[in-house]
Amino acid sequence: MGITISVLDQSPIYPGETASEAFAHTVLLAQKSEELGFRRFWVSEHHDSDHVAGSSPEVLISYLLAKTKTIRVGSGGVMLQHYSPYKVAENFNVLASLAPGRVDLGIGRAPGGLPRSTQALQQGVQDHASLTDKIVELGRLVHNRLEEDHPLSGLRAAPLPETAPELYVLGASTGSAEIAAGLGLPYVFSLFINGDESAALEAIRTYRSNFDRSHGTEPQIIVALSVIVAETEEEAVELVGPHKLVKIHLENGRTLTLSTREQAEEFGRQAGESYTIEEQEPFITKGTKESVRKKLLKLHQASGVDEFVITSNIQPFDKRIRSFELLSEALVEVPAEA
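These notes cover the structure that comes with them. (Residues numbered from 1 in each chain as written. Predicted model: local features only at pLDDT ≥ 70, side-chain atom pairs only at ≥ 80, totals over all residues. Heavy atoms only, no water.)

1. Details of unusual backbone geometry
One can expect most non-glycine residues to show negative phi and most peptide bonds to be in trans. Inclusion rule: Helix and strand assignments follow DSSP, with helices taken as H or I runs no shorter than four residues and strands as E runs no shorter than two, numbered in order from the N terminus.
Cis geometry marks the peptide bond from Gly76 to Gly77; its omega dihedral reads 0°. Within the secondary structure, Gly77 sits in strand E3 (residues 72–78). Ala158 connects to Pro159 through a cis peptide bond whose omega is 0°. Positive phi is not limited to glycine here, since Asp48 has a value of about 55°. Looking at the element boundaries, Asp48 is found in the loop between strand E2 (40–43) and helix H2 (57–67).

2. Points about the packing of helix H6 (residues 174–183) against helix H8 (residues 197–210)
To keep things clear, this is the line we draw: Angles run from 0 to 180 degrees between N-to-C directions of axes, and those axes are lines fitted to C-alpha atoms, restricted for helices to the stretch in contact. Working rule for angles: under 35 degrees goes down as roughly parallel, over 145 as roughly antiparallel, 65 to 115 as roughly perpendicular, anything else as oblique. Definitions for this section: a left-handed crossing has its near helix turned counterclockwise from the far helix by less than a right angle. A right-handed crossing has that turn clockwise. Contact criterion: two residues are considered in contact whenever any of their non-hydrogen atoms come within 4.5 Å of each other. Any residue outside Ala, Val, Leu, Ile, Met, Phe, Trp, Tyr, Cys, Pro, Asp, Glu, Lys and Arg is labelled polar, Gly included; the first ten of those are nonpolar and the last four are charged.
At a minimum axis separation of 8 Å, H6 and H8 run at an interaxial angle of 25°. Taken together, the axes of H6 and H8 lie roughly parallel to each other. Like other packed secondary-structure pairs, H6 and H8 cross with a definite hand, here right-handed. Each of Thr174, Ala177, Glu178, Ala180, Ala181 and Gly182 in H6 lies in contact with H8, whose residues at this interface are Glu202, Ala203, Thr206, Tyr207 and Asn210. The residue makeup of the contact of H6 with H8, split by class, is five nonpolar, four polar and two charged.

3. Quick look at the sheet that holds strand E9 (residues 255–258)
Defined as follows: Between any two strands, pairing holds if DSSP finds at least two bridges.
Taken in spatial order, the three strands line up as E9-E8-E10 in an open sheet, and their pairing is antiparallel. At either margin of the open sheet sits one strand with a lone partner, and together these are E9 and strand E10 (275–280). Averaged over all adjacent pairs, the angle separating strand axes in this sheet is 25°, with direction ignored. The pairing of strand E8 (residues 245–250) with E10 spans six bridges and is classified as antiparallel. Residue pairing for E10: Lys247 is matched across the bridge by Glu278.

Take a look at the structure:
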């Protein structure tokens, strides 16, 4: 079986650019991904940020579906903790009705922003249901399967599409792997956020060993990672730039990954509790198409995962496009046994 490539784009706003230009790049990259034969194109959710433009994945997805023809388009992911499962189901059922068989609904566990934006998103919300409970309800709503004894029995998240959006659980820990496994849902491990390949392999083992087949599904795993492919190894290193993987460790035990040290410090200030900040070299698979091919095949063999969702926040934009072209040349037709 060959290795499948998909794309996650965060609509990065580079210095000197506007959000409109960032979205224009996202559209062009989605069209290029379709041209290159990649399976799916996902967009992210971030709030109150000067660095990424995508605060409303549902709106962006609808535009991308209209600008493409065949590629699957979805969220990587919707931060369900902030929202009503019913409204999310309605949004994605509309999308799935507009583009049958092309819509993915990835659910993320991170807040998607700083404490201030979380407070704004949850203003007036009285529901304290766990994220797991919300995912369960969302799944029932998109498949129109509310039980007869459910308090909202008979409710439909109209319109009901012929093909429901496909639901995915996103995460970067064994905890998220256990949630996905227990619900019998596909799982996406965000290696570009976690930055620890051994943790990814442990989460994948946890997912497979705990997967509940009583839901009538089989395990499905995707690994999301950052990749840079260039004409030379030296150019690939240059394209990485000064970026660091910045993690904030809060007094309450939570750990979150932020874009910059300044953003991490602001998160700690808004959270109002003690914290420490850790900076690491980002986990980026980089090099020429030959060396990147070898690295991805090695990860495939170690994990048994056949699909990778690739993110690549390279600037300038033409280098980002070229990176995906080289990746396509390296992997789209490569058999997994190679």
